[in-house]
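Chain by chain, the residues run as shown.
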Amino acid sequence: MPNASLMDRILIATNRRLSILRPLSKVPEGSDLEPVPGDEGLPWLGHTLAMVFLGDPMPFLRYRYDEFGPVSWGIMLGHRWVFPLGPKASEVVLQNRDKAFANGPGWGYWIGPFFHRGIMLLDFEEHLHHRRILQHAFTNERLTGYLEAMGPVIARGIAGWRTGGRFPFHASLKQLTLDVATEVFMGAKLGRESNSINRAFIDTVRAGLSVLRFRVPGGRWSRGLHGRRVLERFFRERLPAKRGSEGSDLFAVLCRATSEDGHRFSDDDVINHMIFLLMAAHDTTTITMTTMAYYLAKYPEWQERLRDESFALGKDDLDFDDLEKLSGLDQVMKEAMRLVAPVPYLARKTVKDTSICGYFVPKDTFVAVLPQFSHHMPEYWSDSERFDPERFAPHRREDKVHPYAWQPFGGGVHKCIGLHFAGIQVKAVFHRIVRRYRWSVAPGYEPTFDFTTLPVPKDGLPVHLEKVVDT
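Here the residue numbers are simple positions, counted from 1 along each chain's written sequence. Only residues with pLDDT of 70 or above have their local features reported here, since the model is predicted, and side-chain atom pairs are shown and tallied only from 80 upward, although totals for entire chains, interfaces and linings are computed over all residues. Side-chain numbers here rest on the full set of heavy atoms in the structure, without hydrogens or water.

- The name that an unreviewed UniProt entry assigns to the protein is Cytochrome P450, with the source organism given as Pendulispora rubella.

This is the structure in structure tokens:
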């Protein structure tokens, strides 16, 4: 674990001084389960400052793990949350064998109004029904087509990157992934609408952690609701043309996709899934690539290794069979997702009494699985804070020490449906970038990540960019 900052030490000391330790709830009579230990933290805010608003939550989570063990409870934004920490506790929730942990009411509290009925917010039989139809959009045949469609978009997107000092890597990657997602998912360029759609996605994602969770003019919540309306209108206007299209883009595929019993998505279903999938393909992939860009700048020997690997293929556009040849790029991608989990929190809510690792968790309890914590546990990862992509190499495979030691895509039936698309996109983008550019950061530079919603560098990751060759 990284050394705790002064603010971390103040928060931990304040928590110890002000919090009253008490169990989450009484254990049913005759049960051999233990009550979940924990504390309330600050009035109403609870542990929200330490967990969300004041930087890296890892030192505070490590303190709670050492103080209470792998399962504890605390307050966030006025609600009691149980925190299963580490791979073993995470596995219980994500595998969800007794169907006690529901995504919809868990994620719904944070992002329900903005990503209404996206696949991540559905549960049980309804979720399975929708997922079976969605799988038609992520077959190997479809993924091969998406990869082919990405090439020209990526080439056009990075061709105009300006070389020199303080190139804004994060913003540039964000625009690129939006262009890729819209052209591959929708079969069309955004053009002048690009900025408004990008803004709508930013506002909907950030709205979930609003302190004031009601309409306040200019507030996060209101901006998020406005962003949702922008996205709904954008997709609804284009849906009739897609209904009659034979296109290979995701939008057209979802309009045609049917289940084994002949069911198709309604118009609202298609719109809800498109909004959610476009956000996921846009935001989480940007986070992974931004993290990769930083570590490849900090460790230029790895950047050169990937460059040699890509030049050895002898071509700009990747074929589907080329993906497995980029083993170094695959390892860097996985290590980046370990060090900065694109989605650091996975929300659930219990729909019945259940247990986690011997602790009793009552019905109607919010639960937050924390991949970011599992990814940094020295109990599972050697020198856990060090950038070391070879920990994913075949001769080491540290991620195999436990099935949930590495969980950037979640797990169980809710494991990210777009995980293979994400890997293809990341590899297609970086294969072209390393063949065209070399980049570096100032000596001693380390980005400060904003964990208010999804983790992004506060300064946009400025780098010095230079061309490798003219292509």
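## Here's the deal with the overall build of the protein
Inference 1: Every helix listed is a DSSP run of H or I at least four residues long, and every strand listed is a run of E at least two residues long, numbered separately from the N terminus. For the protein, the helix and strand inventory stands at 16 helices and 13 strands.
Inference 2: Taking 23 Å as the expected radius of gyration for a compact globule of 471 residues, we find that the protein reaches 22 Å, a close match to that expectation.
Inference 3: Overall, the C-alpha framework of the protein stretches about 70 × 55 × 50 Å when taken along its three principal axes.
Inference 4: Burial analysis of the protein (471 residues in total) assigns 58% to the buried set.
Inference 5: By definition, residues are in contact when any of their heavy atoms lie within 4.5 Å. Considering only contacts in the protein between residues 6 or more positions apart, those separated by 24 or more positions represent 73%.
Inference 6: Only the protein chains shown count as covering a residue, and every accessible area follows the Shrake-Rupley method with a 1.4 Å probe. Approximately 19600 Å² of the protein is accessible, and the part contributed by carbon and sulfur atoms is 53%.
Inference 7: For the protein, the distance from the average site of its 60 positive side-chain charges to the average site of its 56 negative ones is 4 Å. The reference for a compact globule is 2.2 Å times residues^0.38; the radius of gyration itself is calculated from the C-alpha atoms. Burial status follows relative accessibility: with a 1.4 Å probe on protein chains alone, a residue under 20% of its type maximum counts as buried, one over 50% as exposed, and anything between as partly exposed. For the purpose of charge, His is not counted, nor are the chain termini; Lys and Arg are scored as positive and Asp and Glu as negative. For this purpose, a charge sits on NZ of Lys, CZ of Arg, CG of Asp or CD of Glu.

## With respect to the packing of aromatic side chains
Inference 1: Two rings from Phe, Tyr or Trp (for Trp, the six-membered ring) form a pair when their centres are within 6.5 Å of each other. A pair whose planes differ by under 30 degrees is stacked, one over 60 is edge-to-face, and the rest are tilted. This model, assessed by the stated rule, comprises 29 aromatic pairs.
Inference 2: Where F430 meets W439, the ring centres are 6.3 Å apart and the plane angle is 55 degrees; that geometry is what we call tilted. When sorted by exposure, F430 lands in the same class as W439, which is buried.
Inference 3: Taken together, the aromatic side chains of W161, F167, F169, F430, Y437 and W439 make up a single cluster linked through ring pairs.
Inference 4: Should the NZ of a Lys or the CZ of an Arg lie within 6 Å of a ring centre and within 35 degrees of the ring normal, that charge is described as sitting over the ring. Positioned over the ring face of W381 is R338, at 5.2 Å from the centre of the ring.

## Some remarks on helix α9 (residues 194–207)
Inference 1: Expected helix span is given by 1.5 Å per residue-to-residue step, counting one fewer step than there are residues. The end-to-end C-alpha distance of α9, which contains 14 residues, comes to 20 Å, matching closely the 20 Å that a straight helix rising 1.5 Å per residue would cover.
Inference 2: Taken residue by residue, α9 has S194, I197, N198, A200, F201, D203, T204, V205 and A207 as its buried positions.
Inference 3: Where the residues of α9 are buried, they touch α8 (169–186), α10 (220–243) and α12 (267–298).

## As for the sheet that holds strand β10 (residues 437–440)
Inference 1: Spatial ordering of the open sheet is given by β5-β13-β10, a layout of three strands whose pairing is antiparallel. Single-partner strands in this sheet number two, and they are β5 (164–168) and β10. When the angles between neighbouring strand axes are averaged without regard to direction, this sheet yields 45 degrees.
Inference 2: Two elements, β10 and strand β13 (residues 462–467), share four bridges in a ladder whose sense is antiparallel. Looking at the pairing, S440 lines up with H464 of β13. Here, a strand pair is defined by DSSP locating no fewer than two bridges between the strands. Every axis in this analysis is a line fitted to C-alpha atoms, fitted for helices over the stretch in contact. Angles between the N-to-C directions lie between 0 and 180 degrees.

## Topic: the sheet that holds strand β8 (residues 359–361)
Inference 1: Reading across from one edge, β1-β8-β7 is the order of the three strands in this open sheet, with mixed pairing throughout. On the outer flanks of this sheet lie β1 (34–35) and β7 (354–356), each paired with one strand and no other.
Inference 2: Note that β7 and β8 share three bridges and pair antiparallel. Bridge pairing in β8 links S355 to F360.

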